[in-house]
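# Observations on the model geometry
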Amino acid sequence: GTYGRLGGDVFGMCVPYEDGAAIYHILEGIRAEIRKHFVHYYLETCAGIYLVDDPDMEVAAMHDNAEIAAAQCKGQYMVHDVLYTEEIGQKVLREQHIIDEMDAALAEQQFIVYFQPKYQLKKMAPYGAEALVRWKRAEGTMVSPGEFIPLFEKDGLIVRLDEYVFRKVCSIQGERIRLGKKILPISVNLSRASIHHDNMICRYVKIVEENGIPFSSVPIELTETAALYNDRISKLIEKMVDAGFELHMDDFGSGYSSMTSLNQLPFDTLKLDKSLIDYIENFRGQQVIRHTISLAHSLGMKVLAEGVEKAKQVEILRSLHCDGIQGFYYARPLPWENFETKVIRAKEACKK
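Residues numbered from 1 in each chain as written. Predicted model: local features only at pLDDT ≥ 70, side-chain atom pairs only at ≥ 80, totals over all residues. Heavy atoms only, no water.

## Looking at the packing of aromatic side chains
Two numbers describe a pair of aromatic rings. These are the distance of the centres and the angle of the planes. What the rule picks out here adds up to 16 aromatic pairs. On the numbers, 4.8 Å between centres and 25° between planes, the contact of Tyr 119 with Tyr 330 is stacked. With Tyr 119 in strand 5 (residues 111–120) and Tyr 330 in the loop between strand 13 (324–326) and strand 14 (334–335), the pair connects residues that are 211 residues apart, well separated along the chain. On the accessibility criterion, Tyr 330 (30% relative accessible area) is partly exposed. Site record: aromatic cluster; members linked through ring pairs are Phe 111, Trp 135, Phe 148, Phe 152 and Tyr 164. The ring of Tyr 114 carries the charged tip of Arg 134 above its face, separated from the ring centre by 5.9 Å. (Phe/Tyr/Trp six-rings, centres within 6.5 Å; stacked < 30°, edge-to-face > 60°. Helix = DSSP H or I, 4+ residues; strand = E, 2+ residues; numbered from the N terminus. Buried < 20%, exposed > 50% of the residue type's maximum accessible area, 1.4 Å probe, protein only. Lys NZ or Arg CZ within 6 Å of the ring centre and 35° of its normal.)

Here it is as structure tokens:
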């Protein structure tokens, strides 16, 4: 066969195919040689394998397929070798197609904002909502948020989508104020990439001011990973608070759950992740939530439970003095028209 360095830390080889075991024997031999060299850091190889079934295929195409397979190793600590399959190839093509569609989707406003109501536990009345994005293509098919959001986060495109949603929510809030109608706070999610993007705070402040709405009407939700405490994040978040934004920590309990972030960053509301609520009927799970709520209250924060789906969960959360809930038990995410007629009017009716 033949082999060589393709560039950077990428090497390629093309060898006659005997059987799968022979290929993995070659790879193990390479790794054994690498291990002979003493280095002061962790070094591992990842290999993408493509079995050539058409000898007339362009060598560049063979390499591309092997590279696609190798890319599947990224982010998977225990996976070092991946064999290219048609399924992997189709997945990569589908993902690239989604990324390529984004510009047109934004221009044509294919992204639609849905609103999931938040309910006060004491009064059992709606007191706000969270803005969630959905993608409805021009021909009517839906793209799952679980499919496009991770891709946009990976490529940095999420910055543009975050601002698109924020503008939509501010526009809705501004229109209600101009019509003399009351508004409920609608929180908007902000990704880690958006926080670090140049002039983000100035742009968001300008959008709020252009729509003539109070900053309290558009709280900002940050995930634990986005809010993971460091000096730069602390300064940026302080600027957001100084500008007038309220901050909510989203998905608390799903990841790092940094006590440092709770101590150092000025959050108004702590949102308990569904992964915690799912175990609330177990003794240990309930104790974790009990003490988390107590800690948040002692730090001057309100607590909202996400992913509430059962009456029993509502009952327990009320006994634990949780402030609010959000989940399918009361309402699924709704388009603005339905949210306005069902939720806001229900809120106004409660006051009367």
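## Digging into the pattern of salt bridges
Applying the stated criterion across every chain, the model contains 22 salt bridges. Taking the shortest distance from any N to any O, the salt bridge between Arg 137 and Glu 101 comes out at 2.8 Å. With Arg 137 in the loop between strand 6 (126–136) and strand 7 (142–143) and Glu 101 in helix 3 (residues 86–107), the pair connects residues that are 36 residues apart, well separated along the chain. With relative accessibility at 19%, the residue Glu 101 sits in the buried group. (Salt bridge = Lys/Arg side-chain N within 4 Å of Asp/Glu carboxyl O.)

## Section: unusual backbone geometry
The backbone phi angle of Gln 109 is positive, close to 55°, even though this residue is not glycine. Here Gln 109 falls in the partly exposed class, since its relative accessible area comes to 46%. One non-glycine residue with positive phi stands out, namely His 321, at about 65°. By secondary structure assignment, the location of His 321 is in the loop between helix 12 (311–319) and strand 13. In this structure His 321 comes out as exposed when scored by relative accessible area, which is 59%.

## Section: the side chain of Gln 116
Among the secondary structure elements, Gln 116 is positioned in strand 5. A distance of 3.2 Å separates polar atoms of two side chains, one belonging to Gln 116 and the other to Gln 326. Not counting residues within four places of it along the chain, the set of residues in contact with Gln 116 comprises Gly 128, Ala 129, Glu 130, Leu 132, Gln 326, Gly 327, Phe 328, Ala 331, Arg 332 and Pro 333. (Polar contact = N/O pair within 3.5 Å; in protein donor to acceptor, adjacent residues only side chain to side chain. Contact = heavy atoms within 4.5 Å.)

## Some remarks on the state of the cysteines
Scanning all chains against the criterion turns up zero disulfides. In this model Cys 46 remains outside any disulfide bridge; the closest cysteine sulfur is found in Cys 73, 4.4 Å from its own. Residue classification places Cys 46 among the partly exposed residues on the basis of a relative accessible area of 46%. Residue classification places Cys 73 among the buried positions, given a relative accessible area of 3%. (Disulfide = S-S within 2.5 Å.)

## So, the packing of helix 3 against helix 5 (residues 158–178)
Remark: helix 3 packs on helix 5, axes separated minimally by 11 Å, with the N-to-C direction vectors making an angle of 15°. With respect to helix 5, the axis of helix 3 lies roughly parallel. Crossing angle aside, the handedness with which helix 3 passes helix 5 is left-handed. In contact with Met 102, Asp 103 and Leu 106 of helix 3, helix 5 contributes Arg 160, Leu 161 and Tyr 164. Grouping the constituent residues of the contact of helix 3 with helix 5 by class yields four nonpolar, no polar and two charged. (Axes fitted to C-alpha atoms, helices over the stretch in contact; angles between N-to-C directions. Parallel < 35°, antiparallel > 145°, perpendicular 65-115°, else oblique. Left-handed = near helix turned anticlockwise from the far one by under 90°. Nonpolar A, V, L, I, M, F, W, Y, C, P; charged D, E, K, R; others polar.)

## Some words on the nonpolar core
Grouped burial of nonpolar side chains is what soluble globular proteins tend to show. Counting 78 residues, the largest nonpolar core has Phe 111, Phe 115, Phe 152, Leu 161, Phe 166, Phe 245 and Leu 317 as the members making the most contacts within it. The leading source of residues in this core is helix 5, at eight residues. Excluding residues that lie within four positions of it along the chain, Phe 166 makes contacts with Val 188, Tyr 204, Ile 207, Val 208, Val 218, Ile 220 and Phe 245. Counting eight residues, the second-largest nonpolar core is a separate cluster that includes Met 62, Ala 66, Ala 69 and Tyr 84. (Core = buried A, V, L, I, M, F, W, Y, C linked by side-chain atoms within 4.5 Å.)

## Considering the pairing of strand 12 (residues 302–306)
Buried residues dominate strand 12, accounting for four of its five residues. Pairing of strand 11 (residues 269–272) with strand 12 involves four bridges; the strand directions are parallel. Looking across to strand 12, one finds that Leu 270 is bridged to Val 303. Two elements, strand 12 and strand 13, share three bridges in a ladder whose sense is parallel. Pairing of Glu 306 across the sheet is with Gln 326, part of strand 13. (Pairing = 2+ DSSP bridges.)

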